[in-house]
Amino acid sequence: MAIINSFTSNGVTYSQAYIKAHIMYCDSQRTVIKLTVWPTQADRTNGAEPVRYDSDLRQFPTDLQMQADNPIAYAYTLLEQSGEFPDATWN
């Protein structure tokens, strides 16, 4: 899973950034998600280095009632519900 969205880092805007989410930490109180961003999906597929930026962690209250097929789906659902990426293509 990943999302495609416009993303700006260090003054550079990537209009078709490929963003992957990984759960870095989760307990009954909070879930921390780390985002890894590539300029495009092709860059990711071709083994390019991810974009460097300082704000790669997102923290959310853990939702013990949320249904998800797996931890990755849970992470993306939290991101989608956050409203941070309203124009993203979710896949």
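Residues numbered from 1 in each chain as written. Predicted model: local features only at pLDDT ≥ 70, side-chain atom pairs only at ≥ 80, totals over all residues. Heavy atoms only, no water.

1. So, the nonpolar core
1) Next: One finds I19, I33, L35, V37, L79 and F85 to be the most contacted residues of the largest nonpolar core, which totals 23 residues.
2) Next: Counting residues per element, the ones that place at least two in this core are strand 1 (3–9), strand 2 (12–26), strand 3 (30–38) and helix 2 (71–82).
3) Next: Of all the elements, helix 2 adds the most residues to this core, at five residues.
4) Next: Ignoring sequence-local partners within four residues, the contact set of L35 consists of I19, K20, A21, Y53, D56, R58, L79 and F85. (Core = buried A, V, L, I, M, F, W, Y, C linked by side-chain atoms within 4.5 Å. Buried < 20%, exposed > 50% of the residue type's maximum accessible area, 1.4 Å probe, protein only. Helix = DSSP H or I, 4+ residues; strand = E, 2+ residues; numbered from the N terminus. Contact = heavy atoms within 4.5 Å.)

2. Some details on the environment of D69
1) Next: Position of D69 relative to the elements: it lies in the loop between strand 4 (57–61) and helix 2.
2) Next: As a C-alpha pair, D69 and D54 span 15 residues in sequence and 30 Å in three-dimensional space.

3. Section: the pairing of strand 4
1) Next: Only one face of strand 4 is buried: it carries R58 and F60, and the other face, with L57, Q59 and P61, is open.
2) Next: With five bridges connecting them, strand 3 and strand 4 associate as antiparallel partners. In the strand pairing of strand 4, T31 is matched with F60. (Pairing = 2+ DSSP bridges.)

None of this, on its own, says anything about what the molecule does.
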